[in-house]
Every structure is written in C-alpha cells, then in structure tokens.
Amino acid sequence: MNDSTSYVQRFLLDELDIRGAIVQLDDVWQALLENRDYPAVVRDLLGEMCAVACVIGGNLKQPGRLTIQLQGHGPVSLLVVDIAETLNLRGYAKASADVAGKLGITDLVGDGQLLLSLDMPELRQPYQSYVPIEGNTIGEVFEHYLTQSEQQPAALHTACSGTKSACLFLQKLPDADRKDPDGWDRITRLASTLQAEELLELGPEDILTRLFHQETVRLFDAREVTHDWPLDWDKVHGMLRTLGRAELEAVIAEHGEILIHDDLSNHEYRLTADDLAAVFAEEAENPAADPAEPRILH
C-alpha cells in the first residue's frame, strides 16, 4: 500500500467469489471539514457518504464525474458528494440548526430521494438515477441502492469522527453460491462484528485479518483519494458576467464588496469595485465565458 492517509483498498475473497473494499479518509476528510462548523451528527452523515462515494466512484473506468445527492425535508435538507474517476473528492451538507437529539436518516433527512448523476465527456447530458431513500443509516441506504442497481447483494459498514471517515464494502458476485452456499452469510456475519473504532483505527490488512483470517484474501493496489479543488477565478468571472454589471455594482454599493461562496469546493471569493471593473474589462477582450456553480452571498 502507498503512504497516502486517504485511500481505497480493494480485495477479493478468492474462494468465495465475494469482492470488497475498505475506504479510509484521513487528510482528505480533514480538508473537507476545514472552516466548516457542522454539528457532529451532520458531520458524520457527510463523512460516511464520502467514504461510500469512494467505493462507487472507484468503479468509474473512464474520465467522468459522479455526483451523489441525498435530499429530504428534515433539518438536513441536502448532502452532496462529488467524485471524479481519479478519486478527487469534495462534498458538503446543508442543515438547519435544529438537529439536537436527532439521529439517523429518518430524523435528520426525513422523506426524500437519492440522486446519482454521472457526467462523462461522451454524454450529451449527465445520466441521472433517482431512487427513494430506504434505510435509516448511510450504510443501509446505499446497501439498498447497490443491491437494486447491480442485482447483487451488498453490505456496507461505515464510521466517522472529526478526524477520520471509513467504510467496509462487501458484494456477493454471481458464482458465490456455487463456490460456497453459506459463504455470503458467513462473511456478512463476521463483518457485522467489526466495531466503528476498529474500522477507523485499524489498517486494511489488520481489519481483514481480524475478520477473515480463515479465508483466502487477495489484496489489490490501494488507490489514493485526494481533495484537490483549487480556486477557479475564471469560472467565477464567467458567472459574474452572466449576472450583469449593473446588478453587481448595486451589491457593492450596498455591501462594499461581492462575497461568493463555492459550497462544494469550500472556497470564498471576495471582489471590490476595482476587481469588478477588471472582470468586465477582461470581458471586452475575451467575451466567451461559462457560468459557474458558486453562489453570491452578498
């Protein structure tokens, strides 16, 4: 395994035809939390979803970007995670202050839906899949989604803290029953004994030895997960030009500056009147610009 502290470690239980992965996010998870003040229950939901997204995103074989959104009508109205085929990850949660004493998807997110959107260069528009939220934990929600979408049983165990997020994924492959009719039940029972603290603190080899020491386990090369989303001023300038100079000058007249926050990449952009003048001077020289995702706070 490489020296990264955030990675996806895939494995195969050769004699049982069961595949799996362990995701551990350390430095990437801490970067995602920087300057965000989530309540612990909201933080943990987002962290667990980030770990699961790494399992799903790791299956992308071609350049593309997978966006996963969990939307509902509870105090946590949105969880969104975005991951590229290179395992470059970002995400955020939108929540009200009313989360005290609430636990689980049912209390925090309420009724809603899971949306997966896959954007690839060869697609004219992103492929989208909507499914209802079924389950009261992140693991249960995605177990149901993966089992239904891939027509093979899956098991997920997740854990999160303020410094680490992790996931254990298992999936039964088509020949599993032929190789060992009791194999899937045995492996999932063993996996259910894994404690959250062990998933967060032990390395993949220790976890697999602890759970499956009587099985033949084949490890593949670990893949690094990153959080590399630098400031993108060109994108912001393009978005500003679509709004029009008069509207933006009114914002500066009222607030003294323009403040833009890119929730997903976790960046703030501030522009003064001189900065705004330079943006539109640049437009005169280069009129082509694309709109962007960030939102103007003021």
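Quick caveat: nothing in here was measured; it's all calculated off a predicted structure.

1. Some thoughts on the pattern of salt bridges
Reasoning step 1: Tallied over the entire structure, the rule returns 13 salt bridges.
Reasoning step 2: The salt bridge partner of Arg19 is Glu150, with a shortest N-O separation of 3.5 Å. Here the residue Arg19 occupies a position in strand β2 (residues 18–25), and Glu150 occupies one in helix α4 (residues 138–150), the gap between them amounting to 131 residues.
Reasoning step 3: Here Arg90 makes a salt bridge to Asp82, at a shortest N to O gap of 3.6 Å.
Reasoning step 4: A residue is classified by how much of its surface remains accessible, and Arg90, at 2% relative accessible area, is buried.
Reasoning step 5: Residue classification places Asp82 among the buried positions, given a relative accessible area of 1%.
Reasoning step 6: A cluster of three or more residues bridged by salt bridges with shared partners is formed by Arg65, Asp82 and Arg90.

2. A short note on the pairing of strand β5 (residues 89–95)
Reasoning step 1: Of all seven residues making up β5, five are buried, and the element is well covered by its neighbours.
Reasoning step 2: Sheet topology note: the strand β4 (residues 76–84)/β5 ladder contains seven bridges and is antiparallel. Within the sheet, the bridge partner assigned to Leu78 lies in β5 and is Lys94.
Reasoning step 3: Hairpin geometry of β4 and β5 is characterised by an intervening segment of four residues between the two adjacent antiparallel strands and by a positive phi of about 70 degrees at Leu87.

3. What to know about the layout of surface pockets
Reasoning step 1: Estimates place the volume of the largest pocket at around 380 Å³.
Reasoning step 2: What lines the largest pocket is a set of 23 residues, among which Glu48, Thr137, Ile138, Thr158 and Ala159 lie closest to the centre.
Reasoning step 3: Within the residue set of the lining of the largest pocket, elements represented by two or more residues are α2 (40–57), α3 (104–108), α4, β8 (154–160) and α7 (196–201).
Reasoning step 4: The greatest single-element share of the lining of the largest pocket, amounting to five residues, is contributed by β8.
Reasoning step 5: Classifying every residue of the lining of the largest pocket gives 11 nonpolar, seven polar and five charged.

4. Structural notes on helix α9 (residues 233–243)
Think of an α-helix as 3.6 residues a turn; residues three or four steps apart then line up on the same face.
Reasoning step 1: Within the span of α9, buried status applies to Val236, His237, Gly238, Met239, Leu240 and Arg241.
Reasoning step 2: Phi turns positive one or two residues past the end of α9, at Gly244, with a value near 100 degrees.

5. Things to note about α2
Reasoning step 1: Over its 18 residues, α2 runs 25 Å from end to end, which matches the ideal 26 Å to within 8%, given 1.5 Å per residue.
Reasoning step 2: Of all 18 residues that make up α2, 16 are buried, and the element is covered over most of its length.

6. Re the state of the cysteines
Reasoning step 1: Under the definition given, this model contains zero disulfides.
Reasoning step 2: No disulfide involves Cys54; its sulfur sits 7.0 Å from that of Cys50, the nearest cysteine.
Reasoning step 3: In this structure Cys160 is not part of a disulfide, and its nearest cysteine sulfur, from Cys50, lies 8.1 Å away.
Reasoning step 4: A relative accessible area of 13% places Cys160 in the buried class.

7. A few points about the nonpolar core
Soluble globular proteins tend to bury their nonpolar side chains together.
Reasoning step 1: Within the largest apolar cluster, 55 residues are counted, with the highest numbers of intra-cluster contacts made by Ile68, Leu70, Leu89 and Phe142.
Reasoning step 2: Top element by residues in this core is α2. It accounts for 11 residues.
Reasoning step 3: With residues up to four places along the chain from it excluded, the contact list for Leu89 reads Leu25, Val28, Leu32, Cys50, Cys54, Val81, Asp82, Ile83, Val225, Thr226, His227 and Trp229.
Reasoning step 4: Counting residues in each nonpolar core, the second largest holds 20 residues, with Ile187, Leu199, Leu208 and Leu211 among its members.

8. Things to note about the sheet that holds β4
Reasoning step 1: Overall, antiparallel pairing links the five strands, which are arranged β5-β4-β3-β6-β7 in an open sheet. Single-partner strands in this sheet number two, and they are β5 and β7 (127–132). Sheet twist, expressed as the mean angle between neighbouring strand axes with direction ignored, is 10 degrees.
Reasoning step 2: Contacts from α4 reach β3 (65–72), β6 (112–119) and β7, with the element oriented near 60 degrees to β6.

9. What to know about the confidence of the model for the protein chain
Reasoning step 1: When pLDDT is averaged along the protein chain, the result is 89, and 94% of the positions lie at 70 or above.
Reasoning step 2: A low-confidence stretch, residues 288–292 stays under pLDDT 50, and its non-local contacts, those more than four residues away or across chains, total 11 contacts.

10. Quick word on the environment of Arg178
Reasoning step 1: Tracing the sequence through the fold places Arg178 in helix α5 (residues 176–179).
Reasoning step 2: Overall, the relative accessible area of 62% leaves Arg178 in the exposed class.
Reasoning step 3: Taking the C-alpha atoms as reference, Arg178 lies 8.7 Å from Leu16; in sequence the two are 162 residues apart.

Analysis parameters
Counting from 1, residues in each chain are numbered in the order their sequence is written. Where totals are concerned, whole chains, interfaces and linings use all residues; where local detail is concerned, this predicted model gives features only for residues with pLDDT of at least 70, and gives and counts side-chain atom pairs only at 80 or more. Values reported for side chains reflect all heavy atoms of the structure, with hydrogen atoms and water molecules removed beforehand. In the sections that follow, a salt bridge refers to a side-chain nitrogen of Lys or Arg positioned within 4 Å of a carboxyl oxygen of Asp or Glu. Secondary structure follows DSSP: runs of H or I at least 4 residues long count as helices, runs of E at least 2 residues long count as strands, and numbering of each begins at the N terminus. Relative accessibility thresholds used throughout: buried, under 20% of the residue-type maximum; exposed, over 50%; partly exposed, between the two (1.4 Å probe, protein chains only). When DSSP finds two or more bridges between a pair of strands, those strands are recorded as paired. Using a grid of 1 Å spacing that covers the protein atoms alone, one calls a set of points a cavity when a 1.4 Å probe fits there but cannot get out, and a pocket when the set is open and has protein on both sides within 12 Å along at least five of seven lines; lining residues are those with an atom within 4 Å of a point. Grid points are joined across faces, edges and corners, and a volume is the space filled by probe spheres set on the points. Amino acids outside the nonpolar list (Ala, Val, Leu, Ile, Met, Phe, Trp, Tyr, Cys, Pro) and the charged list (Asp, Glu, Lys, Arg) are all regarded as polar, and Gly is one of them. By this rule the span expected of a helix is its residue count minus one, scaled by 1.5 Å. Disulfides are defined as cysteine sulfur pairs within 2.5 Å. Buried residues of nine kinds, namely Ala, Val, Leu, Ile, Met, Phe, Trp, Tyr and Cys, make up a nonpolar core once their side-chain atoms join them within 4.5 Å. Should any heavy atoms of two residues lie within 4.5 Å, those residues are counted as being in contact. The angle between two axes is taken between their N-to-C directions and runs from 0 to 180 degrees, where each axis is a line fitted to C-alpha atoms and a helix contributes only its stretch in contact. Scored between 0 and 100, pLDDT is the confidence that the predictor attaches to each residue.

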